[in-house]
Amino acid sequence: MVDAIQISKAQGRRFVLQHLHLLPPRTLRGKAGVMDYIRHTNCVQYDPINIVGQNPHLVLQSRVANYRPEMLDELLYEDRHLVDGFDKQMSIYPAEDWPQFAYHRQRMAQTYLEADETSQAVELIEKVCQDIEVRGPLSSTDIEEDTRMDWWLAGTVRAVRIALDILFYRGDIVVHHRVGTRRYFDLAERVLPIKLVKANQGQASQDEYLDWHVYRRFAGPGLLQDKQIAAFGGCLGWRGGKLREAMRRLAADGRLTPVRVDGLPRKPFYVRTSDLVALEAAAKPVRSKPRAAFIAPLDHLLWDQGIPELLFDFHYRWEVYVTEAKRKYGYYVLPVLYGERFVARMDPGMDRENGVLTIKGWWWESNVERGDGAMLAAISEALGAFCRYLGAERIEFSDAVKEDKALVAAVEGAGLGG
């Protein structure tokens, strides 16, 4: 096993931000930049909630200059360079990685097929597959079969919906396109290159699979704790100490390197050994002018909650599943990154019909000097880029924030005042 290396918090922050193309943000270009980023991190997590864009678009707008959602949609549903599938929960990943998920698909489908509660759905699999083969891409609402069943995830549902899930998890069908959040499925062999569909790759055992998927996950944040299991969602078999066992195996064979951070003696981290050169380079301070960006709730930077808390001294919890009475900030709050630190949080809303971005809430961090002209200029630039991404023509404030002189100055600097 490779000996642990010692780094400072500042070095850890810079490494993570540089790894994630956030130091500085918005430097990638066009669809090629989208592909470069997703290949670099292996996947972008999908979530259907759309307040100011769904999570994949929010992730990409902070990395790709002049990003538009059509860029990702074309790569997914026209160019077929990406797959709308399953990695870290529902995710988008490069199509060339499809064969490597063979073991994952087999185990996922087996779980559904063997469950007593899915028997009615299993009986419909052949019919559903034949309907798609004959009629082309279909959603569950296009298939006339009204058998209903109890399902632990969603209560009483149509059995057709679960039959589609089984075929999807098994790899017989893939997402052909979406209309809003509704998925339309087609046969995998009609959507993906046949060499990928027929490839016999993947892993021979659960341990081999888990080692592969845990190592793969490190390409997201770059640096991960050994006990932060939330970052490893979607890795089958990761509970019960299996996750740490996989990390130890990966360290023993030299693929992962243990990392210790100054001031955090009881918080062991790992990094891919192939990233050590970049980690070493991050020891040097960045001389470029700091820029700002708005970070998605399910951004790679936030997968391991210990990263913002331990390295950035920034506590963030996504409050979308918290009752309104218990929320500290808001329903869909975005952290505001400036240079190498988090300086604020924004609770946004979007009136698409009138092209208005509303800032419903804005909270500065306690250690921020609000009169910092360079910071306000950077936030102005970031707000302008964010509005272009959304197609917003102006910004309006709620009563709760309209007296915030620093924020108003940033909006006015961007020429986006109401």
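Further up the page is the structure itself.
Residues numbered from 1 in each chain as written. Predicted model: local features only at pLDDT ≥ 70, side-chain atom pairs only at ≥ 80, totals over all residues. Heavy atoms only, no water.

## Let's talk about a positive patch on the surface
- A contiguous patch of positive charge, built from Lys227, Arg244, Arg248 and Lys267, is present on the exposed surface.
- Relative to the helices and strands, Lys227 resides in the loop between strand S11 (223-225) and helix H12 (242-252).
- For Lys227, a relative accessible area of 59% corresponds to the exposed category. (Patch = residues over 30% accessible without salt bridge, like charges linked within 9 Å, V, L, I, M, F, W, Y side chains within 5 Å. Areas by Shrake-Rupley, 256 points an atom, 1.4 Å probe, with all protein chains shown as cover. Salt bridge = Lys/Arg side-chain N within 4 Å of Asp/Glu carboxyl O. Lys, Arg positive; Asp, Glu negative; His and termini not counted. Charge placed at Lys NZ, Arg CZ, Asp CG, Glu CD. Helix = DSSP H or I, 4+ residues; strand = E, 2+ residues; numbered from the N terminus. Buried < 20%, exposed > 50% of the residue type's maximum accessible area, 1.4 Å probe, protein only.)

## Focus on the pairing of strand S9 (residues 173-179)
- Pairing geometry for S9 and strand S10 (residues 182-187), over six bridges, is antiparallel. Bridge pairing in S10 links Ile173 to Leu187.
- Hairpin geometry of S9 and S10 is characterised by an intervening segment of two residues between the two adjacent antiparallel strands and by a positive phi of about 70 degrees at Gly180. (Pairing = 2+ DSSP bridges.)

## Quick word on the sheet that holds strand S16 (residues 341-351)
- The mixed open sheet is built from five strands, whose spatial order is S14-S15-S16-S17-S18. At either end of the open sheet lies a strand with only one pairing partner, and these are strand S14 (292-294) and strand S18 (394-397). When strand polarity is set aside, the average angle formed by the axes of neighbouring strands in this sheet is 35 degrees.
- With eight bridges connecting them, S16 and strand S17 (residues 356-364) associate as antiparallel partners. Looking at S17, one finds that Arg345 is bridged to Trp363.
- Across the sheet, helix H16 (residues 405-413) lies against S17 and S18, angled at about 145 degrees from S17, the strand it touches most. (Axes fitted to C-alpha atoms, helices over the stretch in contact; angles between N-to-C directions. Contact = heavy atoms within 4.5 Å.)

## Some details on the layout of surface pockets
- Taken as a whole, the largest pocket encloses approximately 930 Å³ of empty space.
- Met90, Arg161, Asp165, Tyr169 and Arg183 are the residues nearest the centre of the largest pocket, which is lined by 30 residues in total.
- Looking at the lining of the largest pocket, the elements with two or more residues in it are strand S6 (89-94), helix H5 (102-114), helix H8 (159-170) and S10.
- Looking at which element gives the most residues to the lining of the largest pocket, the answer is H8, with five residues.
- Here the residues of the lining of the largest pocket are counted per class, giving 16 nonpolar, seven polar and seven charged. (1 Å grid on protein atoms, 1.4 Å probe; cavity = no way out; pocket = protein on both sides within 12 Å on 5 of 7 lines; lining within 4 Å. Points joined across faces, edges and corners; volume = space filled by probe spheres on them. Nonpolar A, V, L, I, M, F, W, Y, C, P; charged D, E, K, R; others polar.)

## Observations concerning empty space enclosed by the protein
- All told, the structure shown has three cavities of 30 Å³ or more when counted by the stated rule.
- Size it by volume and the largest cavity reaches roughly 120 Å³.
- Together, Val83, Gly85, Phe86, Tyr93, Trp98, Phe101, His104, Arg105, Met108, Phe168 and Tyr169 line the largest cavity.
- Of all the secondary structure elements, the ones that give two or more residues to the lining of the largest cavity are strand S5 (82-87), H5 and H8.
- Of the residues assigned to the lining of the largest cavity, the class counts are eight nonpolar, two polar and one charged.

## Brief notes about H16
- If you check which residues of H16 are buried, you get Ala406, Leu407, Val408, Ala410 and Val411.
- Between the side-chain oxygen of the N-cap and the backbone nitrogen of Ala406 there are 3.2 Å, and the N-cap of H16 in question is Asp404. (Polar contact = N/O pair within 3.5 Å; in protein donor to acceptor, adjacent residues only side chain to side chain.)

## Comments concerning the sheet that holds strand S13 (residues 264-272)
- The mixed open sheet is built from four strands, whose spatial order is S1-S12-S13-S11. Because the sheet does not close on itself, it has two edges, and the strands there are strand S1 (5-7) and S11. Within the sheet, the average angular offset between the axes of one strand and its neighbour, ignoring direction, is 40 degrees.
- Where S11 meets S13, three bridges bridge the pair, whose relative direction is antiparallel. Across the sheet, Leu223 pairs through a bridge with Val271, a residue of S13.

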